[in-house]
Amino acid sequence: MNVGAMRLSNPIIAASGTFGYGVEFAHLVDLNRLGGIVVKGLSLEPMAGAPAPRLCETPSGMLNAVGLQNIGVRAFVAEKLPTLRSYRTAVIANVFGCTVEEYVGVIQILDDAEGLTAYELNISCPNTAHGGIQFGSDPQLVSEVVAAARGAAKRPLWVKLSPNVTDIAAIARAAEDAGADALTVANTHQAMSVDTRTRKSQVGRITGGLSGPAIRPITLRLVYEASRAVKIPIVGLGGIEKANDILEYLIVGARAVQVGTANFADPAACETLVGSLEKACHVHNIHNISDLVGTLNADSA
């Protein structure tokens, strides 16, 4: 399976923020079976993240407010990346910052290191230089940060879009025009959950990110709309638990998928899905899974 110039052994990728830095799962999962791993988001300096509690269960999903806790890009390169190099699976570094300069700074440090396949820009971050508006909510800001990252990056550049926008097609086109090689659709949905006894949020912040099976139908629509708006590949992300979920994403236009919340329930979810997908392709007589991409029969609606 190809995502642009990248060749993956299969279309199943562990999503950022749900699989640590990859190395923590090596004793539970055969990492070489996965198509790829997107490591925990990396910033210029270490971040402590949000106060506890950070997770709460919701109907058919999960609310998280982790706050992008991470060890910082320099510690990742020194402590985690050397071990990751021993695996065949594609390793993708998720990158974020509060200014364009911070995004570029993280990429410049990673560019000097061996063992990475691509970068994934998390643009659902507040731009402190523009009053806190999220980079990913405005096409002009998307264009600015993606163009700067593209100018700094020697490796393929994926852009992880926010679902919390009015027109994802416009955001997708802005990222493509600025130099993105692929798009990840999409990040978590802004949401809330309240403890009615204490009248407080059930996570350490007022709002968090909703993920899990509950959002899959919404994200399928976003992948469909984004894939019709751009020519670059789409990687679908949202609520995948079964092989059939993956087939749905491919049919509406994704070339690969990322698995997130399922990893919390079962650390071996991605590896299990690889086997399940192989069986599903056999049952459905699918000889080349790439042939499924974008085959939605719109006349059936």
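How each quantity is defined
- Residues numbered from 1 in each chain as written.
- Predicted model: local features only at pLDDT ≥ 70, side-chain atom pairs only at ≥ 80, totals over all residues.
- Heavy atoms only, no water.
- Helix = DSSP H or I, 4+ residues; strand = E, 2+ residues; numbered from the N terminus.
- Rg over C-alpha atoms; globule rule 2.2 N^0.38 Å.
- Buried < 20%, exposed > 50% of the residue type's maximum accessible area, 1.4 Å probe, protein only.
- Areas by Shrake-Rupley, 256 points an atom, 1.4 Å probe, with all protein chains shown as cover.
- Lys, Arg positive; Asp, Glu negative; His and termini not counted.
- Charge placed at Lys NZ, Arg CZ, Asp CG, Glu CD.
- Axes fitted to C-alpha atoms, helices over the stretch in contact; angles between N-to-C directions.
- Parallel < 35°, antiparallel > 145°, perpendicular 65-115°, else oblique.
- Left-handed = near helix turned anticlockwise from the far one by under 90°.
- Contact = heavy atoms within 4.5 Å.
- Nonpolar A, V, L, I, M, F, W, Y, C, P; charged D, E, K, R; others polar.
- Pairing = 2+ DSSP bridges.
- Right-handed = clockwise from strand over helix to strand, strands pointing away.
- Polar contact = N/O pair within 3.5 Å; in protein donor to acceptor, adjacent residues only side chain to side chain.
- Phe/Tyr/Trp six-rings, centres within 6.5 Å; stacked < 30°, edge-to-face > 60°.
- Core = buried A, V, L, I, M, F, W, Y, C linked by side-chain atoms within 4.5 Å.
- Patch = residues over 30% accessible without salt bridge, like charges linked within 9 Å, V, L, I, M, F, W, Y side chains within 5 Å.
- Salt bridge = Lys/Arg side-chain N within 4 Å of Asp/Glu carboxyl O.

> I'm lost on the overall build of the protein chain in this one. Help?
Tallying secondary structure elements over the protein chain gives eight helices and 16 strands in all. Scaling as 2.2 N^0.38, a compact globule of 301 residues should have a C-alpha radius of gyration of about 19 Å, and the protein chain matches this with 18 Å. Across its three principal axes, the protein chain shows a C-alpha extent of roughly 50 × 50 × 40 Å. A buried classification covers 54% of the 301 residues belonging to the protein chain. Approximately 13000 Å² of the protein chain is accessible, and the part contributed by carbon and sulfur atoms is 51%. Of note, the protein chain has its 24 positive side-chain charges centred 3 Å away from the centre of its 27 negative side-chain charges.

> Looking at this model, I keep getting lost on the packing of helix H1 (residues 73–84) against helix H2 (residues 100–111). Mind explaining?
Think of two packed helices as two axes; the pair is described by the angle between the axes and how far apart they sit. Running from N to C, H1 and H2 cross one another at 20 degrees; their axes reach a closest spacing of 9 Å. Judged by the angle between their axes, H1 and H2 are roughly parallel. Note on packing geometry: the crossing formed by H1 with H2 is right-handed. Residue-level inspection shows Val73, Arg74, Phe76 and Val77 of H1 in contact with H2, the latter providing Val106, Ile109 and Leu110. When the residues that make up the contact of H1 with H2 are grouped by side-chain class, the tally is six nonpolar, no polar and one charged.

> Is there a simple way to think about the sheet that holds strand S11 (residues 189–191) in this case?
Hydrogen bonds between backbone groups are what pair the strands of a sheet, and the pairing can be parallel or antiparallel. Here four strands make up an open sheet; going across it, the order is S5-S6-S14-S11 and the pairing antiparallel. Edge positions in the sheet fall to strand S5 (55–58) and S11, since each has one partner strand and no second. Recorded for the sheet is a direction-independent mean angle of 35 degrees between the axes of neighbouring strands. Across three bridges, the pairing between strand S6 (residues 61–64) and strand S14 (residues 208–211) is antiparallel. Its bridge partner lying in S14, leucine 63 is registered against leucine 210.

> I keep staring at helix H6 (residues 243–251) and nothing clicks. Help me out?
Three- or four-residue spacings in an α-helix give side chains the same orientation, since the helix completes a turn every 3.6 residues. Regarding H6, the residues found buried are Ala243, Asp245, Ile246, Leu247, Tyr249 and Leu250. Buried residues along H6 sit in contact with strand S3 (12–14), helix H5 (216–229), strand S15 (234–237), strand S16 (256–259) and helix H8 (269–283). Phi for glycine 253, located one or two positions after H6, is positive at around 130 degrees.

> I would appreciate a short explanation of the pairing of strand S8 (residues 118–122) in the present structure.
Moving residue by residue along a regular strand, the side chains alternate between the two faces of the sheet. S8 sits mainly inside the fold: five of its five residues count as buried. Pairing of strand S7 (residues 90–95) with S8 involves four bridges; the strand directions are parallel. Bridging from a neighbouring strand, alanine 93 pairs with tyrosine 119 of S8. Remark: the S7/H2/S8 crossover connection has right-handed handedness. Of the pairings in the sheet, the one linking S8 to strand S9 (residues 157–161) comprises four bridges and is parallel in character. Each residue of the ladder has a partner; that of tyrosine 119, found in S9, is leucine 157. Considered for its hand, the β-α-β crossover made up of S8, helix H3 (residues 139–152) and S9 is right-handed.

> Help me out: how do you make sense of the environment of asparagine 127 in this one?
Relative to the helices and strands, asparagine 127 resides in the loop between S8 and H3. In this structure, the C-alpha to C-alpha distance between asparagine 127 and threonine 99, residues 28 residues apart in sequence, is 5.6 Å. A distance of 2.9 Å separates a polar atom in the side chain of asparagine 127 from a polar atom in the side chain of histidine 130.

> Mind showing me how you'd approach the packing of aromatic side chains here?
Applying the stated criterion to the full structure yields three aromatic pairs. Summarising the aromatic geometry, the rings of phenylalanine 19 and phenylalanine 25 are spaced 4.0 Å apart at their centres and angled 20 degrees between planes, so their arrangement reads as stacked. Each member of the pair phenylalanine 19 and phenylalanine 25 is classed as buried. Between the aromatic rings of tyrosine 21 and phenylalanine 76, the centroid separation amounts to 6.0 Å while the plane-to-plane angle is 40 degrees, which identifies the pairing as tilted.

> Looking at this model, I keep getting lost on the nonpolar core. Mind explaining?
As a rule of thumb, nonpolar side chains are buried together in soluble globular proteins. Leu110, Leu121, Val146, Leu183 and Val185 are the most contacted members of the largest nonpolar core, which has 85 residues in total. Considering every element that reaches this core, the biggest residue donor is H8, with seven residues. Residues in contact with leucine 110, not counting those within four places in the same chain, are Leu42, Val73, Phe76, Val77, Ala93, Val95, Leu116, Tyr119 and Arg155. Counting 12 residues, the second largest nonpolar core, distinct from the first, contains Val38, Ala90, Ile92 and Trp158.

> Looking at this structure, how should I read a nonpolar patch on the surface?
Taken together, the side chains of Met192, Val194 and Ile206 present a nonpolar region at the surface, about 310 Å² in accessible area. Inspection of the secondary structure puts valine 194 in strand S12 (residues 194–195). Looking at valine 194, the relative accessible area reads 44%, which means it is partly exposed.

> Honestly, unusual backbone geometry in this entry has me stumped. Any pointers?
Generally, phi is negative for residues other than glycine and the peptide bonds are trans, each holding for most cases. Proline 53 follows alanine 52 through a cis peptide bond whose omega is -5 degrees. Tracing the chain through its elements places proline 53 in the loop between strand S4 (36–42) and S5. Of the consecutive residues valine 185 and alanine 186, the connecting peptide bond is found in the cis state with omega at 10 degrees. Position of alanine 186 among the secondary structure elements: in the loop between strand S10 (182–185) and S11. Notably, serine 60 is not glycine yet its phi reads approximately 60 degrees, a positive angle. Residue placement: serine 60 occurs in the loop between S5 and S6. Exposure remark for serine 60: the relative accessible area of 53% places this residue in the exposed category. Positioned with a positive phi, arginine 199 is a non-glycine residue whose angle comes to about 60 degrees.

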